[in-house]
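Residue-level listing of the chains:
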Amino acid sequence: MAKKPKVDDGNKSSVVNFGPGWFPIIYCLLMFWFYVGMCNDGSNVTVPAVAAALRVENATLLTMNSIAGLVGVVFFILLGQLNRKIGPRWLSGILCILAGVGYYGVGNASSVGMYLVCMCVVTGSIMSAGYICGGALVAQWFPKKKGVVMGYTTMGHNLASAMYCPILAFLIARFYITGGVVPIVIGVIILGIVGMIFLRNTPQERHINPDNVSDEVFKAEYDMDDNDDDDGGWTVKNLLSKKELWLAAITTGLFQICSVGVMSQLVLRNQELGFSANTAMLIMTVLALVGVGGSFLIGVLDDRLGTKRTMIGFGIWYAVALVLNFTNIMPCVYISLFMIALGIGGSANFTTSLPTAIFGRQGFSKVNSVIFPIQGAVTAMQFLINAIVQNATGGQIRYAYLVFMAVALVNVFLVTKVDDHRYNRDYHVQNGNTQRLAEIEAELGK
Amino acid sequence: MKKKIMKISALLMSGLLAISLAGFCGNTAVRAEEASSASEAEPSSGDTQVIKVGFVYPKTGVYASFGEYTEEFTNFAVDKANEAGIQINGSSAKISLITADSQSDPREAEAAAKRLIEEKNVDIMITSKTADTTVPVSKICEKKGVVCLSVDTPDEAWAVRPHKYSFHAGFNTESELTCFKAAWDECGSSGRIGVLHANDTEGSIMINAAPDFAEANGYTAYDPGVYQPGQTDFSNVIRNLKNQKVDILTGVMTTDEFKNFYEQLEEDGYLSEIKCITIAKAALFERDIENIDVSGLCTEVWWNEDFPFASSMDGMTSEELAAQFESVTGKTMIPATAGYDYANIEILYAVLNAAGSLDASALAAAAKNLEINTVIGPIKYNEHNYSEQPLATGQWIYDTASLGWKQEIINADQIEGMEPTGSYQPL
């Protein structure tokens, strides 16, 4: 029996009344926090510490991180399939525990080979937990409020950028790298155990409707015929033949290239601009905190304007920010940093919200398992862009930023080609578009 | 039912993965190492007990200059220790040194340490000459439960993991920067300092420490950007230094990196704006400064004949030690490493006698409570198992009269009782 929220519109428009849905939101936020900390931002602290212990150059370990990022794509493929079989509750729990074990190995690596293997385990598990399991949870729990919910969950990215490095640096200063990672390891393992005990795969298991809407709204505006199979009628072959799948994977991947590529070099870029290392780190922290507001704002815009329009706006916004940064004129640089900050969580938001917008809630795990590997492979190209451009320009990061600006603009063009609700059955039910529903059924061969 | 089976399978899979990971970690720790040569100096012992002491240091490779004359001078120190007398389990004992080359490579250093422990069955280990050797050797000793005494590496670079059996005597970055400040204070600069640093451990330590130190002392430190170890093109770094309008250069570089950087700075024309250069690691030895060929360069001095300390082992003063070095090696320019080589054996001697046993726990306990005087100053290990040694500020000057290099001590504030031998000379 579903609970009835005390909102006149059946809780359709609320961006805060999620009831028990706050648990998966906070759970996903924490998974993102651990993901960004362990795999991206935390490397600023762990890499020098492990390199010092192993007496190797930082660059050697950074190369291992890049390889681990690519191996993570393979994990995506395998774990995407597993997620469909056992559900995000169990899989995310297992992956968090695995990430903890791997991270202990990273901090206690006795060779570069061991570091690489452990980083592969960490990247593959916590990234899949955040994006595959987190994506599936958001799609199931918040099919029509995915934008604003992803706005909340991707705050984990910003909070990690702001907090993870200082926390880890503090721990390493007291317990060395070998013991400094232990509290993080314990934290992520506890998260996994809590998830396995308290998390549920669908809102129905907690006796509420998706988006925490009333029964009336759910019956009127949501596709009820979603239990005939777990795949929503999709097969891998069928999905790969759809233009929208490729566009969704490539466009979200390209924005991730811009975002991750810019953020991973931001401290060095700020140093290139003449800021001291400490100031550059401080700027990163401030930007990340500003980005928390940006994540929420992009989530709201995603819900209000639609994912496609928000992505177009985001692409133009980011391109302008990068041009301003490229100028090396300090007032323009300050404006650009503010603009970049607001966009930090945006691209991560789209990785789930665009596929959900296009394919809807039904069979999302299946869709996800096909989209994420492609998206991950595209995103991994950012390492290549940074490396090639910096080699070609004698290490000048601003030229890499110029390339990211071009990528953002090309991507805006690609986004305009996306039919953003093409296979979203809830959307067509809500709009009474029975003809399109029939076409979808026909395309799926039902 | 099907779902339950899937859940159980998934849990089993993750367990298996975790176990394989743990297994991998264990296997990598004991991976096969290449064998390399070790040289052993057996004392004529008779009935005297022999203490096998392993000694890993760079005889070859990029840090070979650190290891120059180390073998002969350490053997000289061992003779002195044996003369002074060592008691183990109530009977007299003598040190037998078994050396191995780290080749200036951390992996080779690990292999050498492992070989000394597993094949030569050393009772205790000593090591020195940069973190690329001392850190991996300590790591192996910790793993094998063998006490390891090291010198001649910055403390922060050595203390990267917890130690139970390893103890170290070195200097820290703050002492190094304090040395450099003495030169900055004298050069009439605007107070804007460019910090040169590679993307490696020593570089990271320097760039993390320099800004706060500079600010606390009325200077401003600027980061001209990190460079990759071994980089030859410094145009980006030089462009940033110009934009930052620095007129003091400091940092930590290898000799070759600094030489390349300096030549490009000179070509660029910005060298004329620089009032003072204080650089760690690049210009420690006469061989280095001959290679760099820059008069007026300032660096830290770990030890020289003017250090006003005497050995607890045999009363040897720094001045006497310098004279001994000259007679042992025939060299008139005494390297700072000579004092540290001698001190390493002084510490070994004191630990062996204090423990009175070759049991690792007894040796570690003796080291933990050690409090002695050596030629490099007092040794007392802190809670992180390292002792902080004082430094002096040296400046290399090309003497046009003798057509040779000399190192003047321009500041010795960290060392009570030591006086400077010269004053700061402009570049």
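For clarity, every value in this text was computed on a predicted model and none was experimentally measured.

Trainee: It is not clear to me how the packing of helix H10 (residues 243–264) of chain A against helix H13 (residues 307–326) of chain A should be interpreted in this structure. Could you clarify?
Mentor: Residue and element names in this part refer to chain A. Orientation of H10 relative to H13, taken along the N-to-C sense of each, is 30°, at an axis distance of 12 Å. On the basis of the axis angle, H10 is roughly parallel to H13. Crossing geometry of H10 relative to H13 is assigned as left-handed. Judged by residue contacts, Thr251, Thr252, Phe255, Cys258, Ser259 and Val262 of H10 engage Met311, Phe314, Gly315, Tyr318 and Leu322 from H13. The residue inventory of the contact of H10 with H13, partitioned by class, reads 7 nonpolar, 4 polar and no charged.

Trainee: What am I meant to see in the domain arrangement of chain B here?
Mentor: In many reports, interface size means the accessible area that the parts give up when they come together. Residues and elements named next belong to chain B. One can read the domain layout of chain B as domain 1 (38–171 + 305–388) and domain 2 (174–301 + 392–411). Here the C-alpha centroids of domain 1 and domain 2 sit 30 Å apart. Across the contact, 13 residues belong to domain 1 and 16 residues belong to domain 2. Carbon and sulfur atoms supply 69% of the area buried between domain 1 and domain 2, which totals about 1,300 Å² over both sides. Three residues, Ser65, Phe171 and Met333, lead the burial of domain 1 against domain 2; their summed loss comes to 37% of the area buried on that side. Scanning the region where domain 1 abuts domain 2 turns up 1 salt bridge. Among the salt bridges present, the one from Arg287 reaches Glu68, with a minimum N-O distance of 3.1 Å. For the side of domain 1 that touches domain 2, the residue count by class is 9 nonpolar, 2 polar and 2 charged.

Trainee: Looking at this structure, how should I read the pairing of strand S10 (residues 248–252) of chain B?
Mentor: Two faces make up the sheet, and in a regular strand the side chains alternate between them. All names here are of chain B. A large share of S10 lies buried, amounting to 5 of its 5 residues. Of the two faces of S10, the one holding Ile248, Thr250 and Val252 and the one holding Leu249 and Gly251 are both buried throughout. Bridge count between strand S8 (residues 192–197) and S10: 5 bridges; the pairing is parallel. Each bridged residue has a counterpart across the sheet, and for Val195 the counterpart in S10 is Thr250. With 5 bridges joining them, S10 and strand S11 (residues 276–280) adopt parallel strand pairing.

Trainee: Looking at this structure, I do not really get unusual backbone geometry. What am I missing?
Mentor: Backbone phi values are negative for most residues with the exception of glycine, while trans is the configuration of most peptide bonds. Within the chain, Asn328 of chain A stands out as a residue other than glycine whose phi angle is a positive 65°. Of note in this structure, Gln103 of chain B is not a glycine but carries a positive phi near 55°. Secondary-structure assignment places Gln103 of chain B in the loop between strand S4 (91–101) and helix H3 (106–118).

Trainee: Hey, could you run me through H10 of chain A in this one?
Mentor: Residues spaced three or four apart along an α-helix face the same direction, because each turn holds 3.6 residues. With 22 residues, H10 of chain A should cover 32 Å at 1.5 Å per step; its first-to-last C-alpha distance of 31 Å lies within 8% of that length. Most of H10 of chain A sits out of view: 17 of its 22 residues are buried.

Trainee: When you look at the confidence of the model for chain B in this model, what are you seeing that I'm missing?
Mentor: The predicted coordinates should not be examined in detail at positions where pLDDT is low. Of all residues in chain B, 89% attain a pLDDT of 70 or more, and the chain-wide mean is 88. Here residues 16–36 of chain B is modelled with pLDDT under 50, and outside its nearest four sequence neighbours on either side it reaches 31 contacts, counting other chains as well.

Trainee: Sorry, what's going on with the nonpolar core here?
Mentor: A general trend in soluble globular proteins is that nonpolar side chains are found buried together. Judged by nonpolar contacts, the single largest core of 90 residues is most densely connected at Leu149, Trp184, Trp303, Tyr342, Ile347 and Leu348 of chain B. If one sorts the elements of this core by residue count, helix H12 (residues 336–355) of chain B sits on top with 13 residues. In terms of domain composition, this core takes at least three residues from each of domain 1 (38–171 + 305–388) and domain 2 (174–301 + 392–411) of chain B. In this structure Ile347 of chain B touches Leu149, Val151, Ala169, Leu370, Ile372, Thr374, Ile379 and Tyr381 of chain B, once residues within four positions along its chain are discounted. In this structure, Val47, Tyr103, Tyr115 and Tyr164 of chain A belong to the second largest nonpolar core, which totals 75 residues.

Trainee: Can you help me understand the packing of aromatic side chains in this one?
Mentor: Ring pairs (aromatic) are described by centroid distance and by the angle formed between their planes. All names here are of chain A. The final tally for this structure, using the stated rule, is 41 aromatic pairs over all chains. With a centroid separation of 5.5 Å and an interplanar angle of 80°, the aromatic rings of Tyr35 and Tyr131 are classed as edge-to-face. Pair noted here: Tyr35 is in helix H1 (residues 22–41) and Tyr131 is in helix H4 (residues 112–141), with a separation of 96 residues, a long-range link. Each member of the pair, Tyr35 as well as Tyr131, is classed as buried. Arranged with centres 5.3 Å apart and planes meeting at 25°, the rings of Phe314 and Tyr318 form a pair that is stacked. One end of the pair is Phe314 and the other is Tyr318, both in helix H13 and 4 residues apart, which spans about a single turn. Since its relative accessible area comes to 0%, Tyr318 is described here as buried. Here Arg398 stacks its cationic end above the ring of Phe326, 4.2 Å away from the centre of that ring. Geometry around Tyr399 places Arg398 over its ring, the cationic atom sitting 5.4 Å from the centre.

Trainee: How should the side chain of Asn411 of chain B be read in this particular structure?
Mentor: Relative to the helices and strands, Asn411 of chain B is located in strand S17 (residues 404–411). Reaching out from Asn411 of chain B, the side chain makes a polar contact with the backbone nitrogen of Asp413 of chain B at a distance of 2.9 Å.

Trainee: Would you take a moment to explain the pattern of salt bridges for this structure?
Mentor: Two side chains bearing opposite charge may form a pair once their charged atoms approach each other closely. Residues and elements named next belong to chain A. Within the structure shown, the criterion is met by 19 salt bridges over all chains. With a closest N to O distance of 3.2 Å, Asp419 and Arg422 form a salt bridge. Arg422 sits in the partly exposed class, given a relative accessible area of 26%. In the salt-bridge network here, residues are joined through shared partners; they are Lys242, Glu244, Asp419, Arg422, Arg436, Glu439 and Glu443.

Conventions and cut-offs
- Counting restarts for each chain: residues are numbered from 1 in the order of the written sequence.
- Whichever chain is written first is A, and whichever ligand is written first is 1; the rest continue in order.
- With the structure being a predicted model, the display of local features is reserved for residues of pLDDT at least 70 and the display and counting of side-chain atom pairs for 80 or more, all residues being used for whole-chain, interface and lining totals.
- Note: side-chain values were computed over all heavy atoms of the structure, leaving out hydrogens and water.
- Angular values range over 0 to 180 degrees, each being the angle between N-to-C directions of two axes fitted as lines to C-alpha atoms, with helices fitted over their stretch in contact.
- The secondary structure listing takes helices from DSSP runs of H or I that are at least 4 residues long and strands from runs of E that are at least 2 residues long, numbered from the N terminus.
- Any angle from 65 to 115 degrees is called roughly perpendicular, while one under 35 is roughly parallel, one over 145 is roughly antiparallel, and all others are oblique.
- Left-handed describes a crossing whose near helix is turned anticlockwise from the far helix by less than a right angle; the clockwise case is right-handed.
- Note on contacts: a residue pair qualifies if any of its non-hydrogen atoms lie within 4.5 Å across the two residues.
- In this classification, Asp, Glu, Lys and Arg are treated as charged, Ala, Val, Leu, Ile, Met, Phe, Trp, Tyr, Cys and Pro as nonpolar, and every other residue, Gly included, as polar.
- An automatic or database domain assignment supplies the start and end points of every domain.
- A simple way to read buried area is as the amount of 1.4 Å-probe accessible surface that goes missing from two parts once joined, with both sides added.
- Throughout this description, the term salt bridge denotes a Lys or Arg side-chain nitrogen within 4 Å of a carboxyl oxygen of Asp or Glu.
- A simple rule labels every residue: compare its accessible area, found with a 1.4 Å probe on the protein chains alone, to the largest value its type can have, and call it buried under 20%, exposed over 50%, or partly exposed in between.
- Between any two strands, at least two bridges found by DSSP are needed for them to pair.
- Take the number of residues in a helix, subtract one, and multiply by 1.5 Å to get its expected span.
- Per-residue confidence from the predictor is given as pLDDT, running between 0 and 100.
- Only buried residues count toward a nonpolar core, which is a set of Ala, Val, Leu, Ile, Met, Phe, Trp, Tyr and Cys residues joined through side-chain atoms within 4.5 Å.
- Any pair of Phe, Tyr and Trp rings, taking the six-membered ring for Trp, is counted once the centres come within 6.5 Å. Such a pair is stacked with planes under 30 degrees apart, edge-to-face with planes over 60 apart, and tilted for the rest.
- Criterion for a charge above a ring: Lys NZ or Arg CZ within 6 Å of the ring centre, and within 35 degrees of the ring normal.
- Pairs of N or O atoms within 3.5 Å make up the polar contacts considered here, provided that, within protein, one atom can donate a hydrogen while the other can accept it, and that residues adjacent in sequence are counted only when both atoms are side-chain atoms.

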